[in-house]
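# Observations on the model geometry
Listed below, chain by chain, are the residues.
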Amino acid sequence: MLLGVPGLAADDTPTGQGSASAGSVNSVPAYRQADRVAIITIDGEIDKVTFASIKRRLAEAKEWGADAVVFEINTPGGDMWQCLEICSLIKDRTETPPNVVAWVNPSAYSAGSIIALACREIVVAPNGRFGDAAPIGISHLMGLAILPAAERAKAETFLLTEVVDSARRNHYDEKLVQSLIRLSDGLWMLQNKKTNERVIVDKAEYRAIFGEDPPTITNILAPAPFSPSGQQYAKFRPWSDQSIPHTENTEGLTREEVDKEVQKNQDLPSVRQTLTSADRHDWILVRQVVSNSTLLNMTADEGVYYGLASTTIASEDQLKAYFGAPQVRHYNESWSEELVRFLISFWVKVILIVIFLVCLFVEISIPGFGIFGITSLVALALLVGAPALIGLSQWWTAILVFAGIALVAAEVFVIPGTGITGVAGVACILVGLVMSFVSQDISSPAGAAQLWTALLTIVVGGFTAGVAIWLVSRHVKSMPLLNRVILHAQVKGPGTILGTAGAGAAHPIMVSIGMEGLAVSDLRPSGRGEFDGRIVDVSSVGSYIEKGAQIRVVSARQYVIEVEEVTT
């Protein structure tokens, strides 16, 4: 259930004449032709909201009858696990049609490049750029962090497995796509003199072919002197089709072991045989692709030149012509998804935890009108309810949290002194709160990462709230905001306090220790008492006191009048 109506804009008018730029063809091939094209935008940083939103929009496009899906990508990257989830979703033919195209418009870096490779083909805006998908660590507290060698190898294995699978499905060069993820000893493009096929080789394979180290060629896009039969560029050797990898634990593996693990986890075999000295006279060097100190980054023209992009497309009209489609419909993120993204961000969740705990403390500790209790409940509802609104957590987590609150309230107001009910309530709140942050199976790497983030959020929020509570308890008297909304009980002398019916009361009364009055509400333990015809907030120091009972002032602590029941 969403807070709002999903963003949707339809354009069902017949397409006008338009064409892709260099590399397009006059007729649309049968495998690409579509009547209804759904454009799903991926804009901004990729996170778990992105995945949930894409899944929703794919379902809506399927219901509309889309026979082609275009992912319009403009992203600097994002969460690795969510990126892999999106790639699996794209490759799942029960979720998407076979005709899935990535439109890099204008940039797709890191996770964006990996998602683009998962699509059947890639088209790029004329000013577009994509590439550089090396894993990096980001700490919520410290920002960018250097990944330890074992963690980097682990992350690289998952990503390499994914992009190699995409290369084998979509006819890309395997070594080329791997250079998006990690540094190599350099890569070079060779072309077959007879067939004009192209391959990408590393330093070791180049030596095996030509018996010498490869030269360094300036990394500038060269003209295409080997274009056969009027085609713009010669083609890479074709690869095979289908399936999804199953990566296992790879912590602590060396680079060679990572390569073996990547190959083991491929459901599709590599069809390109390694070239040897016997092939020396069939191949010529075209250019160096990347050096030993750079990752692959490409402009639109370079993407086409290297065989990763099919063509450049500048506008929606050209996109329609590319598919031969009379109808195009946009599916954007809804405003509710954007709101949830804000509410579940790390620092917003920390702030909500702080508001919840501090307001709860103020409501319990200082006589008031309930505004702090209401604020505390609202913060908690946003904290545990926001993820569930778009399916990022289960509603049982919210139910568990509020059941825990009910148990704690029962411990305080109904059956005090047992301790068991209170402990059970606190446990329910903590478990529900943590699990509301986790959308994946906690036994999976993605779920484990979310679990640790949840624990970090609660620790940081709890510590910050503790500091705030300490400050409030020491300086509440000097805080103008609190002084406007609390019911004051100020110490005037030994054993005597000045009680008022509220902030700014015109007629204060003197309340002495030992003074007797009447409970005008149930004291469970807080409530109201009447002394000499004036009503003040009081708190029971023993068992709960029923409305109408006689009470006696026994303590005059700062801001609190404590009473006991008068018994005969």
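Just so we're clear, the structure is a prediction, and the values are computed from it rather than from any experiment.

Attention shifts here to the overall build of the protein chain. In terms of regular secondary structure, the protein chain is built from 16 helices and 22 strands. Within the protein chain, buried positions represent 47% of all 568 residues. Look at the contacts in the protein chain between residues 6 or more apart in sequence, and 69% of them connect residues 24 or more apart.

This part takes up the environment of Val 69. By the secondary structure assignment, Val 69 is in strand E3 (residues 68-75). A residue is classified by how much of its surface remains accessible, and Val 69, at 2% relative accessible area, is buried. Discounting chain neighbours no more than four positions away, the residues touching Val 69 are Ala 38, Ile 40, Leu 58, Pro 97, Asn 99, Val 100 and Val 101.

Moving on, we get to the packing of aromatic side chains. In this description, an aromatic ring pair is defined by two values, namely the gap between the centres and the angle between the planes. Within the structure shown, the criterion is met by 7 aromatic pairs. Taking the centre distance of 5.8 Å and the plane angle of 90° together, the rings of Tyr 322 and Phe 323 count as edge-to-face. For Phe 323, a relative accessible area of 0% corresponds to the buried category. Within the aromatic cluster, the residues linked to one another by ring pairs are Trp 188, Tyr 206 and Phe 210. Its guanidinium or amino end placed over the ring of Tyr 322, Arg 32 lies 3.8 Å from that ring's centre, counting from NZ or CZ.

With that out of the way, let us pick up the confidence of the model for the protein chain. Looking at the protein chain as a whole, the pLDDT averages 78, with 74% of positions reaching at least 70. Note on residues 487-508: pLDDT under 50 across the span, and 56 contacts to partners over four residues away in sequence or across chains.

Let us look at the sheet that holds strand E10 (residues 198-202). Within the open sheet, the 3 strands sit side by side as E10-E9-E11. Their pairing is antiparallel. Of all the strands in the sheet, just E10 and strand E11 (283-290) have a single pairing partner and so form its edges. Taken pair by pair, the neighbouring strands of this sheet meet at an average axis angle of 30°, ignoring direction. Direction of pairing for strand E9 (residues 187-192) relative to E11: antiparallel, over a ladder of 6 bridges. Note on E11: the bridge partner recorded for Asn 192 is Trp 283. Here helix H6 (residues 203-210) sits on the sheet in contact with E9, E10 and E11, set at roughly 105° to E10.

Attention shifts here to the nonpolar core. Membership of the largest hydrophobic core comes to 66 residues, with the highest contact counts inside it found for Phe 71, Ile 115, Ile 122, Val 289, Leu 296 and Leu 308. If you look at the next biggest cluster of nonpolar residues, it comprises 21 residues, including Val 340, Phe 356, Leu 383 and Leu 433.

Turning our eyes to something else, we now look at the pairing of strand E4 (residues 100-109). In terms of burial, E4 is a largely internal element, 7 of the 10 residues being buried. Two strands pair when backbone bridges link them, and E3 and E4 are joined in this way by 6 bridges, in the parallel orientation. For Phe 71, the partnering residue across the bridge sits in E4 and is Ala 102. Read as a crossover between parallel neighbours, the route from E3 over helix H2 (residues 80-91) to E4 is right-handed. Of the strand pairs in this sheet, E4 and strand E5 (residues 121-124) are connected by 4 bridges, and their pairing is parallel. When the sheet's bridge partners are listed, Ala 102 is paired in E5 with Ile 122. Note that the unit made of E4, helix H3 (residues 111-118) and E5 has a crossover that is right-handed.

A word on helix H14 (residues 420-435). Along an α-helix, a turn takes 3.6 residues, which lines up residues three or four apart on a common side. Between its first and last C-alpha atoms H14 spans 22 Å; for 16 residues at 1.5 Å apiece the expected length is 22 Å, and the two agree. Every buried residue belonging to H14 is among Thr 421, Gly 422, Gly 425, Cys 428, Ile 429, Gly 432, Leu 433 and Val 434, and all of these are buried.

One pass over the full model with this rule turns up 15 salt bridges. A salt bridge links Glu 516 to Arg 552, with the shortest nitrogen-to-oxygen separation between them at 3.3 Å. Of this pair, Glu 516 sits in strand E18 (residues 516-519) while Arg 552 sits in strand E21 (residues 550-557), and the two are 36 residues apart along the sequence. You can call Glu 516 partly exposed: its relative accessible area is 42%.

This part is about the packing of helix H1 (residues 48-64) against H2. Where H1 contacts H2, the two axes come as close as 9 Å, and the packing angle between them is 15°. Viewed along their axes, H1 and H2 adopt a mutual orientation that is roughly parallel. As for how H1 packs across H2, the hand of that crossing is right-handed. On the side of H1, the interface is formed by Lys 48, Thr 50, Phe 51, Ile 54, Lys 55 and Leu 58, while H2 contributes Gln 82, Glu 85, Ile 86 and Leu 89.

Once that is clear, we can look at the packing of H2 against H3. Where H2 meets H3, the closest approach of the two axes is 9 Å, and the angle between their N-to-C directions is 15°. Comparing their axes, H3 and H2 come out roughly parallel. For H2 against H3, the interelement crossing comes out right-handed. Between H2 and H3, the contacting residues are Cys 83, Ile 86, Cys 87, Ile 90 and Lys 91 on the first element and Ala 111, Ile 114, Ile 115 and Ala 118 on the second. Residues that form the contact of H2 with H3 fall into these classes: 8 nonpolar, no polar and 1 charged.

Analysis parameters
Residues numbered from 1 in each chain as written. Predicted model: local features only at pLDDT ≥ 70, side-chain atom pairs only at ≥ 80, totals over all residues. Heavy atoms only, no water. Helix = DSSP H or I, 4+ residues; strand = E, 2+ residues; numbered from the N terminus. Buried < 20%, exposed > 50% of the residue type's maximum accessible area, 1.4 Å probe, protein only. Contact = heavy atoms within 4.5 Å. Phe/Tyr/Trp six-rings, centres within 6.5 Å; stacked < 30°, edge-to-face > 60°. Lys NZ or Arg CZ within 6 Å of the ring centre and 35° of its normal. pLDDT = per-residue confidence, 0-100. Pairing = 2+ DSSP bridges. Axes fitted to C-alpha atoms, helices over the stretch in contact; angles between N-to-C directions. Core = buried A, V, L, I, M, F, W, Y, C linked by side-chain atoms within 4.5 Å. Right-handed = clockwise from strand over helix to strand, strands pointing away. Expected span 1.5 Å × (residues − 1). Salt bridge = Lys/Arg side-chain N within 4 Å of Asp/Glu carboxyl O. Parallel < 35°, antiparallel > 145°, perpendicular 65-115°, else oblique. Left-handed = near helix turned anticlockwise from the far one by under 90°. Nonpolar A, V, L, I, M, F, W, Y, C, P; charged D, E, K, R; others polar.

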